Amino acid sequence: MNARPDSASAPILLSDYRPPAWRVEHIELDFDLGIDATEVRAALRLRHDPAQAIPLRLDGEGLELLSITLDGQPVPAGSYRYADNLLEIDNARDGSVLETRVRLNPAANTALEGLYLSGSRDAGFLLTQCEAQGFRHITFFPDQPDVLSSYTVTLRADRGRFPVLLAGGNPDGAGDLDGGRHWARFIDPHPKPSYLFALVAGRLEKIERDYLTADGRPVLLVIWAEADAIERCHYAMDALERSMRWDEQAYGRNYDLDVFHVVATHDFNMGAMENKGLNIFNAKYLLADPDSTTDDEYRAVEAVVAHEYFHNWSGNRVTCRDWFQLSLKEGLTVFREQQFSAQMNSPALKRIEDVALLRRAQFPEDAGPLAHPVRPAEYREINNFYTATVYEKGSELVRMLAGRLGDAGFRRGMDLYFARNDGRAATLEDFLSALGEANGIDLMPYLAWYGQAGTPRLKARGHYDAASRSYTLTLSQLTQPTPGQPHKQVLPIPVKLALFAADGRMLPLHLQGHADTAGNERVVVLDRAEQSFVFQQIDALPIPSLLRGFSAPVILDIDYAPGELALLLRHDKDGFNRWEAAQQLATRAYDALRHGGDATALSAWCGALAELFEDAHLNDDALLADLFTPPGEIELAEREQVVDPAQVHALRQQLQQELGARIGGASLRRRYEALASQTQRQLDAASQAQRRLKRRVLDLLSLIDAPSAHALAADQYMSAPSMTDRLAALSVLVRGDAPQAASALANFRERHAGDPLALDKWFAVQTQLPGELTLARVQLLESDPAFTLKNPNRVNALFGAWARNNPAGFHRIDGAAYRWLAERLQQLDLLNPQVAARLATVLNGWKRLEPVRREAARSAIISLSAEPQLSRNLAEIVQNMLGNAAAGA
Ligand code: TRP
Ligand code: ZN
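Residues numbered from 1 in each chain as written. Chains lettered and ligands numbered in written order. Predicted model: local features only at pLDDT ≥ 70, side-chain atom pairs only at ≥ 80, totals over all residues. Heavy atoms only, no water.

A.B. asks: How would you sum up the overall build of the protein chain? Please name residues and give values.
C.D. replies: Looking only at helices and strands, the protein chain features 26 helices and 31 strands. Computed over C-alpha atoms, the radius of gyration of the protein chain comes to 28 Å, within 12% of the 29 Å expected from 2.2 N^0.38 for 889 residues, which places it in the range of a compact globule. Expressed along its principal axes, the backbone C-alpha trace of the protein chain runs to roughly 90 × 65 × 60 Å. When contacts within the protein chain are restricted to residue pairs at least 6 apart in sequence, long-range pairs at least 24 apart make up 70% of them. (Helix = DSSP H or I, 4+ residues; strand = E, 2+ residues; numbered from the N terminus. Rg over C-alpha atoms; globule rule 2.2 N^0.38 Å. Contact = heavy atoms within 4.5 Å.)

A.B. asks: Could you give an account of the packing of helix H1 (residues 234-251) against helix H2 (residues 295-310), with specific residues and numbers?
C.D. replies: Orientation of H1 relative to H2, taken along the N-to-C sense of each, is 45°, at an axis distance of 9 Å. With respect to their mutual orientation, H1 and H2 come out oblique. Crossing handedness for the pair H1 and H2: right-handed. Across the interface between the two elements, Tyr235, Ala236, Ala239, Leu240, Arg242, Ser243, Met244, Trp246 and Asp247 of H1 pack against Tyr298, Val301, Glu302, Val305, Ala306, Tyr309 and Phe310 of H2. The residue makeup of the contact of H1 with H2, split by class, is twelve nonpolar, one polar and three charged. (Axes fitted to C-alpha atoms, helices over the stretch in contact; angles between N-to-C directions. Parallel < 35°, antiparallel > 145°, perpendicular 65-115°, else oblique. Left-handed = near helix turned anticlockwise from the far one by under 90°. Nonpolar A, V, L, I, M, F, W, Y, C, P; charged D, E, K, R; others polar.)

A.B. asks: Which residues make up the sheet that holds strand S14 (residues 170-177), and what values do they have?
C.D. replies: Sheet architecture is open: eight strands sit in the order S6-S5-S9-S3-S2-S12-S15-S14, paired in mixed fashion. On the outer flanks of this sheet lie strand S6 (73-74) and S14, each paired with one strand and no other. Bridge count for S14 against strand S15 (residues 181-192) is six bridges, and the pairing is antiparallel. Across the sheet, aspartate 176 pairs through a bridge with histidine 182, a residue of S15. (Pairing = 2+ DSSP bridges.)

A.B. asks: I'd love a proper account of the pairing of strand S9 (residues 97-104), names of residues and values included.
C.D. replies: With burial as the criterion, only one face of S9 is covered, namely that bearing Leu98, Thr100, Val102 and Leu104; the residues Val97, Glu99, Arg101 and Arg103 on the opposite face remain uncovered. Taken together, the eight bridges between strand S3 (residues 38-48) and S9 define a ladder with antiparallel strand orientation. Bridging from a neighbouring strand, threonine 38 pairs with leucine 104 of S9. Pairing analysis gives six bridges linking strand S5 (residues 64-70) to S9, with the strands arranged antiparallel. Bridging across to S9, leucine 70 finds its partner in leucine 98. (Buried < 20%, exposed > 50% of the residue type's maximum accessible area, 1.4 Å probe, protein only.)

A.B. asks: Please provide a residue-by-residue account of the pattern of salt bridges, values included.
C.D. replies: A pair can form between side chains of opposite charge whenever their charged atoms are brought close. Summed over all chains, the structure comprises 81 salt bridges. Aspartate 36 is the salt-bridge partner of arginine 121, the closest N and O atoms lying 2.8 Å from each other. One end of the pair, arginine 121, is in the loop between strand S10 (114-118) and strand S11 (125-129); the other, aspartate 36, is in the loop between strand S2 (22-32) and S3, and 85 residues separate them in sequence. Residue arginine 121 is classed as partly exposed on the basis of its relative accessible area of 45%. Looking at aspartate 36, the relative accessible area reads 39%, which means it is partly exposed. Residue glutamate 353 is joined to arginine 299 by a salt bridge in which the shortest nitrogen-to-oxygen separation is 2.6 Å. On the criterion of sequence distance, the pair formed by glutamate 353 in helix H4 (residues 347-367) and arginine 299 in helix H2 is long-range, its members being 54 residues apart. (Salt bridge = Lys/Arg side-chain N within 4 Å of Asp/Glu carboxyl O.)

As structure tokens, this is what we get:
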């Protein structure tokens, strides 16, 4: 494999971890800020571990070194070397102060890592992104998370061009300088790793709020955005305050600085970043107003604001020893956000959303060539490991532990974890041992979950014995091999379960060998390859409801009769489990269509849902909308050995047509009219639910009576009081290739001109054109003046939305889309390797495509791998996707 020089480097191994020989106790940073030239002076007070006779080596990438002194003396040319992104200095001692001066060019930084310019040269602002290894693009430093330092940061810049100067920590003075310049200083007293450093400088507006922490600290909350966006920050401010209160009450965690700054930018590689005291957000996850933000996006803003805020404890106060421990902060923080969001909104809907995401994004990752454990054992490029596995599966692992300990036990464990590890760089072992010790339980068996890739299959078989009135449930587990892990261990799998009688009652549980618990639900833990659980005093064959609340991230294999699932769908009181029964039944119905076999499942699914649709007792519109949504195409494809995306799409459409036909066009229209007559733009749960169901009903109607659905959609588009309704209508028109689509798209473009986030939606919705129409449209959109490879949101709105959300449109049988994407990836990689590598993962499932597409995808990936200039980021993804066998080809 050819690649840029740095991509040839050997992988980093978890087993190679050594504590740093050199630490930095304190760092003083001075910035002379400019768009094309910024000078950075850094003074590092060093600490040396006498047990490790290793010379001082600092990371530094692409830095123009201007000067270097050690303890006030210039370092002679022969006493330091800067090569291969390392600066090695002779004669440093414990207590030495090393000072370097370097020059950077922020305007030339298209990778959006380190110090860069957001927006135009004239109007844009400067900002930093340091996680995971961006700090080395700013100054020389041991750029690894186990080096914790206190920071004093001074910013200097032209006052007219950069009126606002921000860095993490508490403000420590500001003032004027000669020549129209000014300065500002910030001191962060909490030792932190370099990845949490941040600065922002430019023309920004703010909104502020006073906050008093539960432990009595007054804090000024400030949200910053460009002038045209500042009025769209109020929702985020409310969400921030809710997050802070919640962390105080749920975990006893208080904020710990005098100020908390949040900044929005349109140019950002990911969602948001938890820099200490100065969070930086992709505008997509901060700005919100009814005219341009959908309900789903409102919830995403609340969730991401919470996530970044919660990092202040799970990530910042307690950070990671090394990047292998990434899930220690990310999995835990996702879990904390999920708990928060569940409490702020509907717990069932939140769980449904999160499990659907896990199945759509993480399960395929875990089943393909990029599979890796939540704690990987090696990597080449750490930015490639900010994955659904580390985040979402990581959160599921924390949820299992929390479930094992119960609410009070988990809180006790978390208190101990925070107390013991505050100000430290910790490991997953530290986490498990604190949770365990606080409860007198050995949780170390759960470590196997962190080290093992692949989604376990949980098989369940039931047997009823009338003579002994006992029901025996036999559970077994199996995890398929993944790349580099041919043999899998047995894992502890907590299975929350209940038993239902044929009339829909939940049965009391008498588990042989265990004391009875109150309630009709309990958790059994499968910690062997196979195990049986015997339930007594059961009068007739029960219907088991397993893995309730999705108690473990596994794939459940159980041979329900369709009628049993229909019963669970009708009778389960818990919204999540009800949805889960509907999902399983829909999957059965799909299989019936696919294999042309037994149609009972199809009629059971349609029948049960049609009944619920008319049932006045189920007055939960949002849940109803979700019950009506069968598993997505990606999820359905996951179950196939050989995937034909066009066929999956066609079958899923047919499945929904059957449902629509069963309910009937008249009934769908009636419901639509009823929901539409209540339309307004409020954000309360009932209004959101009504919009969600309305969207779903219109979707179904469009599948059985397109002309009438398109007429309704065209009206809805014109009269929509909110983005939710407007975009839903536009989407129906575009996906149906309706005659009204063109004028609605033109109207949308004009109506939202000047709003980049709305423009992203305009791009994304058009990638959802059906089948063969998509490629030509995507090519047309690419030549739109508003399209640019330099903006990650725009790139994802076009290529990402196409490849991820429209598999049938993307996976053309002629392979044209693969070739086209490979070409763009190569161009994008030269600008922004992180975004290119992430986008490339859309080809993750190529090996399971049917032979024609598989060959086309393979040759596109191979052509990419032959490029001489690939970044380490993209090279690693491409190489792993091909697998080791093909890598030498
Ligand atoms: N730590 C961030 C979060 O999860 C994510 C992150 C990692 C990130 N690397 C990044 C964000 C690079 C932006 C750019 O909250
Ligand atoms: Zn995070």
